[in-house]
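Analysis of the macromolecular model
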Amino acid sequence: MTTAYVIVTVVGAIMAAFSAASIFFRAKWVVQPLADYGVPRGWWTPLGVAKAAGALGLIAGLWVPVLGVAAGIGLVLYFAGAVITVLRARWPSHVAFPLMYMAPVAASLVLGFAA
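Naming follows an unreviewed UniProt entry, where the protein appears as DoxX family protein of Amycolatopsis coloradensis.

Here it is in structure tokens:
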């Protein structure tokens, strides 16, 4: 396990946890776009739970690699779904946001497999 892998994984976990907390606390700058994209309000908490579980899984993966891989794949798929949702809502200027959260998770997967 390299230092770069650990740092990138922790950053990815922190970013996913921050994103989850933003939904749980109904931060306007997060939930207003969700409403604008047409994401039903009833989905918001489960989406936050998915991100929080992914964040915990990334951290657990530092000790149990299979958990980190599963969490990483789940988060990459989650944020890919977010990209699709943004594009379907015709807000291409917002695509950078889910990609920003996906980047460290994808990098963690790459670094984990390269080690």
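**Examining the overall build of the protein**
When you go through the protein residue by residue, the secondary structure sums to five helices and zero strands. The globule rule puts the C-alpha radius of gyration for 115 residues at 13 Å, and the 14 Å found for the protein is close to it. Taken over the C-alpha atoms alone, the protein extends approximately 40 × 25 × 20 Å along its principal axes. For the protein, the residues scored as buried account for 37% of the 115 residues in total.

**Notes on the packing of helix 1 (residues 3-24) against helix 5 (residues 96-114)**
Taken N-terminus to C-terminus, the directions of helix 1 and helix 5 make an angle of 150°; their axes are 8 Å apart at the nearest point. Overall, the two elements helix 1 and helix 5 adopt an arrangement that is roughly antiparallel. The two elements helix 1 and helix 5 meet at a crossing, and its hand is left-handed. Taking contact as the criterion, the partners of Ala-4, Tyr-5, Val-8, Thr-9, Val-11, Gly-12, Met-15, Phe-18 and Ser-19 in helix 1 are, on helix 5, Met-100, Tyr-101, Pro-104, Val-105, Ala-107, Ser-108, Leu-111 and Gly-112.

**A few points about helix 2 (residues 28-37)**
Of all the positions in helix 2, only Val-30, Val-31, Pro-33, Leu-34 and Tyr-37 are classed as buried. The buried side chains of helix 2 occupy one side of the element, clustering within an arc of 160° when seen end-on. Exposed and facing more than 90 degrees away from the buried side of helix 2 are Lys-28 and Trp-29. Along its buried surface, helix 2 packs onto helix 1, helix 3 (41-60) and helix 4 (65-88).

**Some words on helix 3**
Its 20 residues place the ends of helix 3 30 Å apart at the C-alpha level, agreeing with the 28 Å of an ideal helix rising 1.5 Å per residue. Turning to helix 3, its buried residues are Trp-44, Gly-48, Lys-51, Gly-54, Ala-55, Gly-57 and Leu-58.

**Quick notes on the side chain of His-94**
Here His-94 shows up in the loop between helix 4 and helix 5. Polar contacts involving the side chain of His-94 include one to the side chain of Tyr-37, which spans 2.6 Å.

**Some remarks on the nonpolar core**
Judged by nonpolar contacts, the single largest core of 22 residues is most densely connected at Ile-23, Leu-34, Trp-44, Leu-58, Leu-75 and Phe-79. Looking at this core, the elements that each hand over two or more residues are helix 1, helix 2, helix 3, helix 4 and helix 5. Per-element tally for this core: the top contributor is helix 4, with six residues. The contacts of Trp-44, once residues within four sequence positions are left out, are Ile-23, Arg-26, Val-31, Leu-34, Ala-35 and Val-39.

Quick notes on the rules
- Residues numbered from 1 in each chain as written.
- Predicted model: local features only at pLDDT ≥ 70, side-chain atom pairs only at ≥ 80, totals over all residues.
- Heavy atoms only, no water.
- Helix = DSSP H or I, 4+ residues; strand = E, 2+ residues; numbered from the N terminus.
- Rg over C-alpha atoms; globule rule 2.2 N^0.38 Å.
- Buried < 20%, exposed > 50% of the residue type's maximum accessible area, 1.4 Å probe, protein only.
- Axes fitted to C-alpha atoms, helices over the stretch in contact; angles between N-to-C directions.
- Parallel < 35°, antiparallel > 145°, perpendicular 65-115°, else oblique.
- Left-handed = near helix turned anticlockwise from the far one by under 90°.
- Contact = heavy atoms within 4.5 Å.
- Arc of directions from axis to C-beta.
- Expected span 1.5 Å × (residues − 1).
- Polar contact = N/O pair within 3.5 Å; in protein donor to acceptor, adjacent residues only side chain to side chain.
- Core = buried A, V, L, I, M, F, W, Y, C linked by side-chain atoms within 4.5 Å.

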